[in-house]
Amino acid sequence: RRGETESAREYKIKALNIYRELNSKHEMTHTLASLGVFELKNGYPDRARSYTEESLTNSYQIGDKFLISINLVNLACIYMKLKQFEKAVELLEESIVIIKENGYNSSLLVALMYLGEANAEMGDDETAIKFYRESVKISIKSGISYFLGNIIYKLGISYFNLKDYENSLKYFSFLKI
């Protein structure tokens, strides 16, 4: 239920311990990844990093390339939360190589969006725009619109930061704000 984060955390940890006892590496790896995201969303980036790093190590051991790419993106998000944007960029670039090699288009959209965000946070709005625009193209081509509004908003902000008010307004007008 909503608002019962401690209870949810306990159940996730119980599941993790059961998978550890059973030596069920695949389920353990997925549960660790889930715990990492859960802890990040609940404001515990250090816990999130620990779970995600363990999940990433296991992902390499079991050879699950999709989970490797997801864990790299999740780890990058953790480093962004910790304001370590260069490390986040490094992880996202590593993830993008795996994603492109394996054709994980929905993951590519997300990785490019976060790569844009990391560059924007470092003050490189021109590079951010490049990655945001790539992610918009993938979103439109693949029909995945979940992140589209967020990406268009970030495009508007990056153009605004570059004092390109015409393009900024163009993207903001898509959002009807």
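The residue count restarts for each chain, going from 1 along the sequence in the order it is written. For a predicted model such as this one, the threshold for reporting local features is a pLDDT of at least 70, and the threshold for listing and counting side-chain atom pairs is 80 or more; totals across whole chains, interfaces and linings nevertheless cover every residue. With hydrogens and water stripped out, all remaining heavy atoms of the structure feed into the side-chain values.

**Student:** I'd like to hear about the overall build of the protein, residue by residue, with values.
**Tutor:** The helix and strand labels rest on DSSP assignments: H or I over at least four residues marks a helix, E over at least two residues marks a strand, and numbering proceeds from the N terminus. The helix and strand inventory of the protein stands at nine helices and zero strands. Secondary structure elements of the protein occur, N-terminal to C-terminal, as α-α-α-α-α-α-α-α-α. Each of the three principal axes of the protein carries a C-alpha extent, and together these read 60 × 40 × 30 Å. When the 177 residues of the protein are sorted by exposure, 44% land in the buried category. The contact definition used throughout considers only heavy atoms, calling two residues in contact when any of these lie within 4.5 Å. Look at the contacts in the protein between residues 6 or more apart in sequence, and 49% of them connect residues 24 or more apart. Here the protein displays about 10000 Å² of accessible surface, and carbon together with sulfur accounts for 51% of that area. Exposed residues in this analysis have more than 50% of their type's maximum accessible area, buried residues have under 20%, and partly exposed residues fall in between, with area computed by a 1.4 Å probe over protein chains only. Computed by Shrake-Rupley with a 1.4 Å probe, the accessible areas treat only the displayed protein chains as cover when residues are assessed.

**Student:** For the environment of A48, give the residues involved together with the corresponding values.
**Tutor:** Structurally, the position occupied by A48 is in helix α3 (residues 45-62). With relative accessibility at 0%, the residue A48 sits in the buried group. Measuring from C-alpha to C-alpha, the distance between A48 and I78 comes to 7.1 Å, with 30 residues separating the pair along the chain. Ignoring any residue separated from it by four or fewer positions in sequence, one finds A48 in contact with G36, E39, L40 and I78.

**Student:** Quick one: what's the story with the pattern of salt bridges, residue by residue and with numbers?
**Tutor:** By convention in these notes, a salt bridge is any Lys or Arg side-chain nitrogen within 4 Å of a carboxyl oxygen on Asp or Glu. Tallied over the full model, the rule gives seven salt bridges. When the shortest N-O distance is used, the salt bridge between E39 and R9 registers 2.7 Å. Pair noted here: E39 is in helix α2 (residues 25-41) and R9 is in helix α1 (residues 5-22), with a separation of 30 residues, a long-range link. The salt bridge involving E39 is made with R47; its shortest N-O contact spans 3.4 Å.

**Student:** Summarise the packing of aromatic side chains; cite the residues concerned and give the values.
**Tutor:** Each Phe, Tyr or Trp ring, with Trp reduced to its six-membered ring, pairs with another whose centre is within 6.5 Å; inter-plane angles below 30 degrees give stacked pairs, above 60 give edge-to-face pairs, and intermediate values give tilted ones. All chains considered together, the criterion is met by six aromatic pairs. Seen in terms of ring centroids, F160 and Y165 are 5.3 Å apart; in terms of plane orientation they differ by 65°. Their pairing is edge-to-face. Here the aromatic residues Y159, Y171 and F174 are joined through ring pairs into a cluster of three or more. Above the ring of Y44, the side-chain terminus of R47 is found at 4.0 Å from the ring centroid. Note on criteria: charge over ring means Lys NZ or Arg CZ within 6 Å of the ring centre, with the direction from the centre no more than 35 degrees off the ring normal. Across the ring face of Y79, the terminal group of K87 is positioned such that the distance to the ring centre comes to 5.9 Å.

**Student:** Quick one: what's the story with the nonpolar core, residue by residue and with numbers?
**Tutor:** Ranked by internal contacts, the top residues of the largest apolar core, which has 41 residues, are L92, Y114 and L155. Where this core is concerned, the elements lending two or more residues are α3, α4 (65-81), α5 (85-102), α6 (105-121), α7 (125-142) and α8 (148-161). Side-chain atoms within 4.5 Å link the members of a nonpolar core, which is a set of buried Ala, Val, Leu, Ile, Met, Phe, Trp, Tyr and Cys residues. Listed in part, the five residues of the second largest apolar core include L16, M28, L32 and Y51.

**Student:** Requested: an account of the packing of α8 against helix α9 (residues 165-175), with residues and values cited.
**Tutor:** Remark: α8 packs on α9, axes separated minimally by 7 Å, with the N-to-C direction vectors making an angle of 160°. Relative to α9, α8 is oriented roughly antiparallel. At the point where α8 passes α9, the crossing takes the left-handed sense. Residues G149, I152, Y153, L155, G156, I157, Y159 and F160 of α8 form the contact with α9, whose participating residues are Y165, N167, S168, Y171, F172, F174 and L175. Split into classes, the residues belonging to the contact of α8 with α9 amount to 11 nonpolar, four polar and no charged. Under this scheme, a helix contributes an axis fitted over its contacting stretch, all axes are lines through C-alpha atoms, and angles between N-to-C directions fall in the 0 to 180 degree range. Geometric relationships in this document are graded by angle, where less than 35 degrees denotes roughly parallel, more than 145 denotes roughly antiparallel, 65 to 115 denotes roughly perpendicular, and other angles denote oblique. In this scheme the crossing of two helices becomes right-handed for a clockwise turn of the near helix relative to the far one and left-handed for an anticlockwise turn of less than a right angle. Following the grouping adopted for this structure description, the nonpolar residues are Ala, Val, Leu, Ile, Met, Phe, Trp, Tyr, Cys and Pro, the charged ones are Asp, Glu, Lys and Arg, and the polar ones are all others, Gly among them.

**Student:** Quick rundown of unusual backbone geometry? Include the residues and the values.
**Tutor:** Residues other than glycine seldom take positive phi values, yet N23 does so here, at roughly 55°. Structurally, the position occupied by N23 is in the loop between α1 and α2. Positive phi values are uncommon outside glycine, yet K163 reaches one of about 60°. Of note, K163 is situated in the loop between α8 and α9.

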